[in-house]
Amino acid sequence: MSDPMDVVGFWVRSWTSDDLTGARRLLTPDVEIEWNFDAPVDDEELLQVLHRIAAFTDTVTVVSRTDAVDGSALIYDLVGPFGTARLVEFLGVENHRINEVRHVYDVTAVDRYFPGLYAN
């Protein structure tokens, strides 16, 4: 991937299609991850939650994407059988790999429409 923003597109396609192997290849070994769930997070836990989202949603749609030189900000609609939750994702990209992931979930909607999403 020659363009850093190709990394973002590949990341989105990978996790939303439940290709965790593809998504994992993009993360640096020391990737910094944060989210607003009341649960600890590392790369393995992040990928497991993304797997659950991909598996249990009807659709995951990128409704907004803003690219910068060193990453992107994305807004997703996570549509499930009983409702829709939003996810805002901030990705840092360096040397064609993702070195930062920040997730801000609509926790009230996630708890209502996707109970147990982030429970260990």
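Scroll up to find the structure.
A few points on the structure. Residue numbering note: each chain is counted from 1, following its sequence as written. Reporting of local features is limited, given that this is a predicted model, to residues whose pLDDT is at least 70; pairs of side-chain atoms are given and counted only at 80 or more, and all residues count toward the totals for whole chains, interfaces and linings. Hydrogens and water molecules were not included; the side-chain quantities draw on all heavy atoms of the structure.

### Points about the nonpolar core
Right, so step 1: What we call a nonpolar core is a set of buried Ala, Val, Leu, Ile, Met, Phe, Trp, Tyr and Cys residues that are connected through their side-chain atoms within 4.5 Å. When a residue's accessible area, from a 1.4 Å probe over protein chains only, is under 20% of the maximum for its type it is buried; when over 50% it is exposed; and in between it is partly exposed. One finds W11, W15, I98 and Y105 to be the most contacted residues of the largest nonpolar core, which totals 35 residues.
Right, so step 2: Here a helix means four or more residues in a row that DSSP labels H or I, a strand means two or more in a row labelled E, and each is numbered from the N terminus. Where this core is concerned, the elements lending two or more residues are α1 (4-16), α2 (20-26), β1 (27-35), α3 (43-56), β3 (71-79), β4 (84-94), β5 (97-105) and α4 (107-113).
Right, so step 3: In terms of residue count, α1 provides more of this core than any other element does, six residues in total.
Right, so step 4: Should any heavy atoms of two residues lie within 4.5 Å, those residues are counted as being in contact. Among all residues touching I98, those that are not within four sequence positions of it are V7, W11, L26, L27, T28, V31, L91, G92 and V93.

### A short note on the pattern of salt bridges
Right, so step 1: The working definition used for a salt bridge is a side-chain nitrogen of Lys or Arg within 4 Å of a carboxyl oxygen of Asp or Glu. Counting across every chain of the model gives seven salt bridges.
Right, so step 2: The closest approach of N and O atoms between R102 and E34, which form a salt bridge, is 3.6 Å. Here R102 is found in strand β5, whereas its partner E34 is found in strand β1, with 68 residues between them in sequence.
Right, so step 3: Linked through salt bridges whose partners overlap, the residues forming this network are E32, E34, E100 and R102.

### Let's talk about the packing of aromatic side chains
Right, so step 1: Pairing of aromatic rings covers Phe, Tyr and Trp, the last through its six-membered ring, and needs centres within 6.5 Å; plane angles under 30 degrees mean stacked, over 60 mean edge-to-face, and all others mean tilted. Summed over all chains, the structure comprises five aromatic pairs.
Right, so step 2: Seen from their ring centres, W15 and Y76 are 5.2 Å apart, and the 65° between their planes marks the pair as edge-to-face. Pair noted here: W15 is in helix α1 and Y76 is in strand β3, with a separation of 61 residues, a long-range link. One exposure class covers both W15 and Y76, and it is buried.
Right, so step 3: Ring geometry for F37 versus Y105: centroids 4.2 Å apart, planes at 20°, classification stacked.

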